[in-house]
Amino acid sequence: MVLEGNPEVGSPRTSDLQHLENQGSCVLSSPGEDAQPGEEPIKYGELIVLGCCEEGGEETEAQRGEVTGPRAHSCYNGCLASGDKGRRRSRLALSRRPHANGVKPDVMHHISTPLVSKALSNRGQHSISYTLSRSHSVIVEYTHDSDTDMFQIGRSTENMIDFVVTDTSPGGGAAEGPSAQSTISRYACRILCDRRPPYTSRIYAAGFDASSNIFLGVENESNVLQDGSLVDLCGATLLWRTPAGLLRAPTLKQLEAQRQEANAARPQCPVGLSTLAFPSPARGRTAPDKQQPWVYVRCGHVHGYHGWGCRRERGPQERECPLCRLVGPYVPLWLGQEAGLCLDPGPPSHAFAPCGHVCSEKTARYWAQTPLPHGTHAFHAACPFCGAWLTGEHGCVRLIFQGPLD
């Protein structure tokens, strides 16, 4: 499924990629040329995996005992839980290749369906077969296209896959290990990018396997990727950002400057009167430290950690805010670190509920109003940094900090 966005990582509209997995497409192209030695590569865009959390880390002293806070998570908030390695990473930049590797339709064959596997004997020839009926199939042979670059995405770790993606689950964990049943196709999709301006990028269901073949159903149209397009791989969701769109997003340096500015304001716990501070991303997300800000997600009041106010009849994570008496989840605040998911470099003023990831108001309100694919038919708004389903009336809350008394 591709949810197409507008220039502000905009309003999605859907076209079903699952249906396209049973469909083919025609590769469109424009004139191109090979990159010259020493030339700065042209960036077509970036793919970013939307949030996935994996529980880990040790509980702090404050979290031990009868009343505990949530455990820390390692997530796709800027990096995979196990670290970005090779083709398995949380984001991938697609740039113009030194030499074009795209393909385009060449020769079409009509053939009896049972004979398709025998007809596809040339492993060096890219081809797509469309099953039109039980007795009739069409095989389209593809030839090299010097005007486009091709990138393939999927679960397979074979060499033809450029971006290896594994399943993610909302607020849960990455589906890893032999016992995890993956719902992502080994050859999920492919993207073809024009090598000449305006560098149009188009996405197609399914990728070529080790035999350079794709087996599909009825042919259909292509999908042009726009800034903010969401690609549903039925197990993980990717965000497409164009170079122009990324220029509107904050840089990691800007995010760090905002963290330091927030800490320089010396926010205090209104009860314990201790100074609060967002931890450095370099420290890693293991567990909340003593200065970690915590928030009551129903009202937005920010405190330091404390172990009282639990309302057992409402659940182990339900606390009563000592300032306004509202009862709700009480979680640590974590700054969102994936800059490509942010719409602007605004101050970190809002948090997603109930996970506590912090970002600008514009970013928080956008994602809170954007339903993300869940399963094959459902949609639900989720935190883009960790994938947790959003709750409450607005899905996010304005943070209320208390300044220093002096």
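Residues numbered from 1 in each chain as written. Predicted model: local features only at pLDDT ≥ 70, side-chain atom pairs only at ≥ 80, totals over all residues. Heavy atoms only, no water.

- By the naming in an unreviewed UniProt entry, the protein chain goes by E3 ubiquitin-protein ligase pellino homolog and is assigned to Balaenoptera acutorostrata.
- The heading Sequence similarities (unreviewed entry) in the UniProt record of the protein chain holds the text "Belongs to the pellino family."
- In its Catalytic activity (unreviewed entry) section, UniProt records this for the protein chain: "S-ubiquitinyl-[E2 ubiquitin-conjugating enzyme]-L-cysteine + [acceptor protein]-L-lysine = [E2 ubiquitin-conjugating enzyme]-L-cysteine + N(6)-ubiquitinyl-[acceptor protein]-L-lysine." (UniProt positions renumbered as here; feature names shortened; annotations may be inferred.)

1. Structural notes on the sheet that holds strand 29 (residues 396-398)
Inference 1: Across the sheet, four strands lie side by side as 24-26-25-29; this open sheet has mixed pairing. Of all the strands in the sheet, the pair left with one neighbour each is strand 24 (334-335) and strand 29.
Inference 2: Of the pairings in the sheet, the one linking strand 24 to strand 26 (residues 357-359) comprises two bridges and is parallel in character. When the sheet's bridge partners are listed, Trp-334 is paired in strand 26 with His-357.
Inference 3: Lying over the sheet, helix 5 (residues 361-368) contacts strand 25 (350-352), strand 26 and strand 29, oriented at roughly 30 degrees with respect to strand 25. (Pairing = 2+ DSSP bridges. Helix = DSSP H or I, 4+ residues; strand = E, 2+ residues; numbered from the N terminus. Contact = heavy atoms within 4.5 Å. Axes fitted to C-alpha atoms, helices over the stretch in contact; angles between N-to-C directions.)

2. A closer look at the environment of Val-302
Inference 1: Take Val-302: it is sitting in strand 21 (residues 302-303).
Inference 2: Using a relative accessible area of 2% as the deciding quantity, one classes Val-302 as buried.
Inference 3: Sequence separation of Val-302 and Leu-399 is 97 residues, and the distance between their C-alpha atoms is 6.7 Å.
Inference 4: In this structure Val-302 touches Gln-268, Pro-270, Leu-276, Pro-293, Trp-294, Val-295, Leu-333, Leu-399, Ile-400 and Phe-401, once residues within four positions along its chain are discounted. (Buried < 20%, exposed > 50% of the residue type's maximum accessible area, 1.4 Å probe, protein only.)

3. Observations concerning the pattern of salt bridges
Inference 1: All chains considered together, the criterion is met by twelve salt bridges.
Inference 2: One salt bridge in this structure joins Glu-46 and Lys-43, with 2.7 Å as the shortest N-O distance.
Inference 3: Given a relative accessible area of 34%, Lys-43 falls into the partly exposed group.
Inference 4: Close ionic contact of Glu-320 with Arg-325 constitutes a salt bridge, the shortest N to O distance being 3.0 Å.
Inference 5: Each of Lys-43, Glu-46, Arg-91 and Glu-338 takes part in one network of salt bridges that share partners. (Salt bridge = Lys/Arg side-chain N within 4 Å of Asp/Glu carboxyl O.)

4. Here's the deal with the nonpolar core
Inference 1: In terms of nonpolar packing, the biggest core is built from 23 residues, with Leu-50, Leu-239, Leu-341, Phe-352, Trp-367, Cys-383 and Phe-385 touching the most fellow members.
Inference 2: Counting 21 residues, the second-largest nonpolar core is a separate cluster that includes Val-49, Leu-92, Leu-225 and Leu-233. (Core = buried A, V, L, I, M, F, W, Y, C linked by side-chain atoms within 4.5 Å.)

5. Observations regarding the environment of Leu-335
Inference 1: Checked against the element boundaries, Leu-335 lands in strand 24.
Inference 2: Its relative accessible area of 12% is what places Leu-335 among the buried residues.

6. Comments concerning the packing of aromatic side chains
What describes a pair of aromatic rings is the distance from one ring centre to the other and the angle between the planes of the rings.
Inference 1: Counted by the stated rule, this structure contains nine aromatic pairs.
Inference 2: Ring plane angle 55 degrees and centroid distance 6.3 Å describe the contact between Phe-352 and Phe-385, whose orientation is recorded as tilted. Of this pair, Phe-352 sits in strand 25 while Phe-385 is found in the loop between strand 28 (378-381) and strand 29, placing the two residues 33 residues apart along the sequence. Just as Phe-352 is buried, Phe-385 falls in that class too. (Phe/Tyr/Trp six-rings, centres within 6.5 Å; stacked < 30°, edge-to-face > 60°.)

7. What about the environment of Ser-127?
Inference 1: With respect to the helices, strands and loops of the structure, Ser-127 is situated in strand 9 (residues 127-131).
Inference 2: Once the C-alpha coordinates of Ser-127 and Pro-105 are considered, the two residues, 22 residues apart in sequence, prove to be 8.5 Å apart.

8. Notes on the state of the cysteines
Inference 1: In the structure shown here, the tally under the stated rule is zero disulfides.
Inference 2: Unpaired in terms of disulfides, Cys-386 finds its nearest cysteine sulfur in Cys-383, a separation of 3.8 Å.
Inference 3: What makes Cys-386 buried here is its relative accessible area of 3%. (Disulfide = S-S within 2.5 Å.)

9. So, the pairing of strand 23 (residues 327-332)
Inference 1: The buried fraction of strand 23 is high, at five of six residues.
Inference 2: Sheet topology note: the strand 20 (residues 294-296)/strand 23 ladder contains three bridges and is antiparallel. Along strand 23, the bridge assignment pairs Tyr-296 with Tyr-330.
Inference 3: Sheet analysis places strand 22 (residues 318-320) next to strand 23, joined by three bridges and oriented antiparallel. Each residue of the ladder has a partner; that of Arg-319, found in strand 23, is Gly-328.
Inference 4: Counting the residues that bridge the hairpin from strand 22 to strand 23 gives six residues, and of these Arg-325 lies at a positive phi of roughly 70 degrees.

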